[in-house]
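So you can see what is in the structure, the chains are spelled out below.
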Amino acid sequence: MNDPATTLTTRSLFHFAFHVRDLNEARRFYGGVLGCLEGRSTETWVDFDFFSHQISLHLGEPFKTTRTGRVGDHLVPMPHFGLVLLLPEWKALAERLRQAGIEFVLAPQVRFEGQPGEQWTMFFCDPFGNPIEVKGFASLALVYAS
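This is a predicted model, so every value here is computed, not measured. Every chain begins its residue count from 1, and numbering advances along the sequence as written. This being a predicted model, a pLDDT of at least 70 is required before a residue's local features are given, and a value of 80 or more before pairs of side-chain atoms are given or counted; all residues contribute to the totals for chains, interfaces and linings. Calculation of side-chain values draws on the structure's entire complement of heavy atoms; hydrogens and water are dropped beforehand.

Q: Looking at this structure, I do not really get the nonpolar core. What am I missing?
A: The tendency in soluble globular proteins is for nonpolar side chains to be buried as a group. As used in this record, nonpolar core signifies buried Ala, Val, Leu, Ile, Met, Phe, Trp, Tyr and Cys residues forming a set joined through side-chain atoms within 4.5 Å. Burial classes: relative accessible area under 20% of the type maximum marks a residue as buried, over 50% as exposed, and values in between as partly exposed (1.4 Å probe, protein chains only). Ranked by internal contacts, the top residues of the largest apolar core, which has 30 residues, are Y30 and F124. Contributions of two or more residues to this core are made by strand 1 (15–20), helix 2 (23–33), strand 3 (45–49), strand 4 (54–59), strand 7 (81–86), helix 3 (87–99), strand 9 (119–125) and strand 10 (131–137). Strands here mean DSSP runs of E at least two residues long; helices mean DSSP runs of H or I at least four residues long; both are numbered from the N terminus.

Q: How should I be thinking about the sheet that holds strand 2 (residues 37–41) in this particular structure?
A: Adjacent strands of a sheet form backbone hydrogen bonds with each other and so pair up, either parallel or antiparallel. With mixed pairing, the four strands of this open sheet are ordered in space as 1-4-3-2. Whereas interior strands pair on both sides, the edge strands pair on one side only; in this sheet they are strand 1 and strand 2. Recorded for the sheet is a direction-independent mean angle of 25° between the axes of neighbouring strands. A pair of strands counts as paired when DSSP detects no fewer than two bridges linking them. Bridge analysis of strand 1 against strand 4 gives six bridges, and the strand direction is parallel. Looking at the pairing, F18 lines up with L57 of strand 4. A contact between two residues is defined here by any heavy atoms of the two lying within 4.5 Å. Interaxial angle, 0 to 180 degrees, is taken between N-to-C directions of lines fitted to C-alpha atoms, where a helix line uses only the stretch in contact. Where helix 2 meets the sheet, its contacts fall on strand 1, strand 2, strand 3 and strand 4, and the angle it forms with strand 3 comes to roughly 5°.

Q: So what exactly am I meant to see when it comes to a nonpolar patch on the surface here?
A: Residues enter a patch when their relative accessible area is above 30% and they make no salt bridge; the linking distance is 9 Å between like charges and 5 Å between nonpolar side chains (Val, Leu, Ile, Met, Phe, Trp, Tyr). In this description, accessible areas are obtained by the Shrake-Rupley approach with a 1.4 Å probe, and a residue is regarded as covered only by the protein chains that are shown. Here, a salt bridge means any side-chain nitrogen of Lys or Arg that lies within 4 Å of a carboxyl oxygen of Asp or Glu. There is a patch of nonpolar side chains on the surface, built from V84, L86 and L140 and spanning about 200 Å² of accessible area. On the secondary structure map, L86 appears in strand 7.

Q: Explanation requested: the state of the cysteines in the structure shown.
A: Criterion for a disulfide: a pair of cysteine sulfur atoms within 2.5 Å. Counting across every chain of the model gives zero disulfides. Summary of cysteine pairing: C36 is not part of a disulfide, and the nearest cysteine sulfur, belonging to C125, is at 16 Å. Of the residues examined, C36 reaches a relative accessible area of 6% and is grouped as buried. On the basis of relative accessible area, C125 is assigned to the partly exposed category, the value being 27%.

Q: Whenever I open this one, unusual backbone geometry confuses me. Can you help?
A: Peptide bonds are trans in most cases, and residues, glycine excluded, mostly fall at negative phi. Following M78, the chain continues into P79 via a peptide bond in cis, with omega recorded as -10°. In this fold, P79 is placed in the loop between strand 6 (74–78) and strand 7. Located in the positive-phi region is F51, a residue other than glycine, with phi close to 55°. Mapped onto the elements, F51 comes out in the loop between strand 3 and strand 4. A residue is classified by how much of its surface remains accessible, and F51, at 28% relative accessible area, is partly exposed.

Q: Would you mind going over the side chain of N130 with me for this structure?
A: Among the structural elements, N130 can be located in the loop between strand 9 and strand 10. Nitrogen and oxygen atoms within 3.5 Å of one another constitute a polar contact, given that in protein one can donate a hydrogen and the other can accept it, and given that sequence-neighbouring residues count only through two side-chain atoms. For N130, the side chain forms a polar contact with the main-chain oxygen of H19, separated by 3.1 Å. Ignoring anything within four residues of it in the chain, the contact list for N130 reads F18, H19, V20, P62, F63, F124 and C125.

Q: Sorry if this is basic, but what is going on with the environment of F18 here?
A: With respect to the helices and strands, the residue F18 is situated in strand 1. Residue class for F18 comes out buried when judged on its relative accessible area of 5%. The spatial distance from the C-alpha of F18 to the C-alpha of N130 is 8.7 Å, given a sequence separation of 112 residues.

Written as structure tokens, this is what we have:
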């Protein structure tokens, strides 16, 4: 098994492509609300720097989700995507989303408090229903703590 301290120091990027119904609305959400920088685009897709990872939003029907993922006593949308941030950045993003009036599927909260893997989490959807989870950790070395 990989040592988390070692694997987290190696930097690689993920790429995720998915559907949205309107590129301008996607620009307002991903660029305006989340603060992601826009990259290349055409009439049918746009790339964003999603917290140092690449997402490509293509015109089409978003993937179907169901609330079957259990997070504590809550059911959250599956499938979903997201990211892990250090706690100060996570708190700043949570406040930014609150200020933008984003409706949370799961409001910002701490899980496993005082235990290995203590984390903050929040779930929300983009304007097209694509679910996003953002986790926050005091240290990235704790992401895989058990």
